[in-house]
Every structure is written in C-alpha cells, then in structure tokens.
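Below are the chains, spelled out letter by letter.
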Amino acid sequence: SRHQNLLCNPAALSRSYLVMPFMGTDLGKLMKMEKLSEDRIQFLVYQMLRGLKDLKPGNLAINPDCELKILDFGLARQADAEMTGYVVTRWYRAPEVILNWMHYTQTVDIWSAGCIMAEMLLGKPLFKGNDHLDQLREIMKITGTPTADFVLKLQSQDARNYIRSLPKVPKKDLSSIFSKVSPNAVCVLEKMLLLDPESRASASEALELPFFSEFREVEEETEALPYDQTLDNTDLPLEQWKRHTFTEILTFRPPRDSKETSL
C-alpha cells in the first residue's frame, strides 16, 4: 500500500500538514469579553478535570459550543521536573511550585484548575501577586497560614523558617468571597484550593462532587497514561523523525465521541 511504501521509504514523505479543529478563542480572552454563567463554568471545569494538565486560561481553547481543548502540555509533562514560579504565569501556580516547597504531585494542576474556576466565577484572578513572595501572601490571606504539621513536611529549612515567621492568619470562608455562587461550586473550590497538596482532591475525586453530576459519563472518564518522554531529547536523523511521525499518524485513533475532551 501507499502507506507501507512511505513507512519503508520516509524520504518520500516530503511534506506533511497538521490539521486541527478550529476553536475560535481561548478562555483568557473569553473571560475578558463576557461574564460566564455558572452552568457554563460547570461544563468548562468538568472538561478541564477530564483532561487535566498544566493549566492557565490562555492554554484552554473554547469553541462556540462551549467545548474546551487543552492546547499546551506545558510543565505538567513530568511531575518530577524542576519548576519555578518564574516560568509560567504565577497567578495559577500551586504554592509548592512557587517556592519549591516539596516534591510535586499531579495536584499542582488541581490548584491551577481551582484558580481558573475562581476567576471565572469572580471575573478577576483570585490570587494576583506581584512576585513569588507576594503571591504566597495573597494565597495565605484566603487559605490561612499553614498548620505546624504541614510546615514539618516542607523540604527546605529556609521555607520552614519563613513560614514560621509570618503572622498567623485564619482561613477565610470561601462562601463569603463567592457570595453569589451556589454551595456546590464553593464546595469544589474548597477541595481544590488547599495549601497541602496531599489534602487536595484528585481529578477523579473532584469529578465525583455534586457540582458536576449532570455532566458525568463515568465510563468515558479514563485515567490518563503517563507521558512517554523517551524521545523528547533524542538526537535522531531527520529521516528517522519522519518515520516516527508517520507511524504516529498511522496508529492514531480519534475519540469515539467528537465532543469528548481531548488534548
């Protein structure tokens, strides 16, 4: 077949095209254009959790049917990677990333989803720090200062000393900040915006909350496989990259449902 001939002779593959669905805008632009209703926010956050990766509004494309696609894998390709608060938009970064507090888990992305959801509900960013320390102060105005047990988990002695030097601030009731929002929506934020990453809900746990019950399709909510980065930094000849690329095209299987969230 022609496909087999190309695979055996990748030099014949002189030109390729990347075809992607047109989405229209991204969430960051959409939030600037209009105030989002809570039912639209439900659907958008549900889709975020279905395909959770490193998140900020500009990386979430939206089409006119309110369908969402994640555009950029960003830093969440590997939870063990070195990440700092200076690399990406600080307002959506988990506190453990901002100050390199501890080993990162996938709940760094749950924090990002919570920040984005809060911004959609409020119409403005929830935590808008000017630098990494100011960002932490803005976070703690709402989450409260960490407990002694949590401080002991911090890997850095400097971080532990800094946190202990801060004035004690009580946790703020999120329902007072989101007074016009349903209790179910506030419950989601309470589960996401926790300082301790071990206490935050996972994507699977968040999807089980009542806020998302009307959208749930449990049989479609498959767990993502770990990202295979073995080829990322490999030095291969151009013809070999062509062979790998074409093999990926041949083995790709699109989702059964065109409305299924994809990356």
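In this convention, every chain numbers its residues from 1, walking through the sequence in written order. Totals for whole chains, interfaces and linings use all residues, but because this is a predicted model, local features are given only for residues with pLDDT of at least 70 and pairs of side-chain atoms are given and counted only at 80 or more. To obtain the side-chain values, all non-hydrogen atoms of the structure were included, while hydrogens and water were left out.

Quick notes on the overall build of the protein chain
Now for step 1: The numbering of helices and of strands both runs from the N terminus, where a helix is a DSSP run of H or I of at least 4 residues and a strand a run of E of at least 2. Of the regular secondary structure elements, the protein chain holds twelve helices and three strands.
Now for step 2: A contact between two residues is defined here by any heavy atoms of the two lying within 4.5 Å. For the protein chain, the proportion of contacts with a sequence separation of at least 24, taken over those separated by at least 6, is 66%.
Now for step 3: When the accessible surface of the protein chain is summed, it comes to about 15200 Å², and 53% of that surface belongs to carbon and sulfur atoms. Only the protein chains shown count as covering a residue, and every accessible area follows the Shrake-Rupley method with a 1.4 Å probe.

Section: the sheet that holds strand β1 (residues 25-26)
Now for step 1: A strand pair is defined by DSSP finding two or more bridges across the two strands. Spatially, three strands are ordered β1-β2-β3 in an open sheet, and the strand pairing comes out antiparallel. Strands at the two margins of the open sheet, each flanked by one partner only, are β1 and β3 (68-70).
Now for step 2: Here two bridges tie β1 to strand β2 (residues 60-62), and the two strands are oriented antiparallel to one another. Directly across from threonine 25, in β2, lies its bridge partner isoleucine 62.
Now for step 3: Fitted lines through C-alpha atoms serve as axes, helices being fitted only where they are in contact, and the angles separating the N-to-C directions of these axes extend from 0 to 180 degrees. Seen against the sheet, helix α3 (residues 38-50) touches β2 and β3 and runs at an angle of roughly 30° to β3.

Examining empty space enclosed by the protein
Now for step 1: Lining residues are defined by having an atom within 4 Å of a point belonging to a cavity or pocket. Those points lie on a 1 Å grid over the protein atoms alone, cavities being sets where a 1.4 Å probe fits but cannot get out and pockets being open sets with protein on both sides within 12 Å along at least five of seven lines. Grid points are joined across faces, edges and corners, and a volume is the space filled by probe spheres set on the points. All told, the structure shown has one cavity of 30 Å³ or more when counted by the stated rule.
Now for step 2: Counted as a void, the largest cavity has a volume near 30 Å³.
Now for step 3: As for the largest cavity, its lining consists of Trp91, Tyr92, Cys115, Glu119, Pro125, Leu126 and Phe127.

Some details on the pattern of salt bridges
Now for step 1: A side-chain nitrogen of Lys or Arg and a carboxyl oxygen of Asp or Glu constitute a salt bridge if their distance falls within 4 Å. Inspection of the entire model under this criterion finds seven salt bridges.
Now for step 2: Here lysine 153 ties to glutamate 198 by a salt bridge, and the two come within 3.1 Å at their closest N and O atoms. On the criterion of sequence distance, the pair formed by lysine 153 in helix α7 (residues 148-153) and glutamate 198 in the loop between α10 (183-192) and α11 (203-207) is long-range, its members being 45 residues apart.
Now for step 3: Think of it in three bands: with a 1.4 Å probe and only protein chains considered, a residue is buried below 20% of the maximum accessible area for its type, exposed above 50%, and partly exposed in between. With relative accessibility at 63%, the residue glutamate 198 sits in the exposed group.
Now for step 4: Salt-bridge contacts for glutamate 190 lead to lysine 171; the nearest nitrogen and oxygen are separated by 2.9 Å. Of the two residues, glutamate 190 is situated in helix α10 and lysine 171 in the loop between α8 (157-165) and α9 (174-177); the sequence distance between them amounts to 19 residues.
Now for step 5: Each of Lys153, Asp196 and Glu198 takes part in a single network of salt bridges with overlapping partners.

Concerning the confidence of the model for the protein chain
Now for step 1: Each residue carries a pLDDT score, the predictor's own confidence in it, on a scale running from 0 to 100. Looking at the protein chain as a whole, its pLDDT mean stands at 78, while 75% of the residues score no less than 70.
Now for step 2: At the level of individual helices and strands, the protein chain shows its lowest average pLDDT in helix α1 (residues 2-8), which scores 56, and its highest in α10, which scores 96.
Now for step 3: Low pLDDT, under 50, characterises residues 73-88; the predicted model gives this stretch 30 contacts beyond four residues in sequence or across chains.
Now for step 4: Every residue in residues 257-263 is under pLDDT 50, and counting partners more than four places away or in other chains gives 14 contacts.

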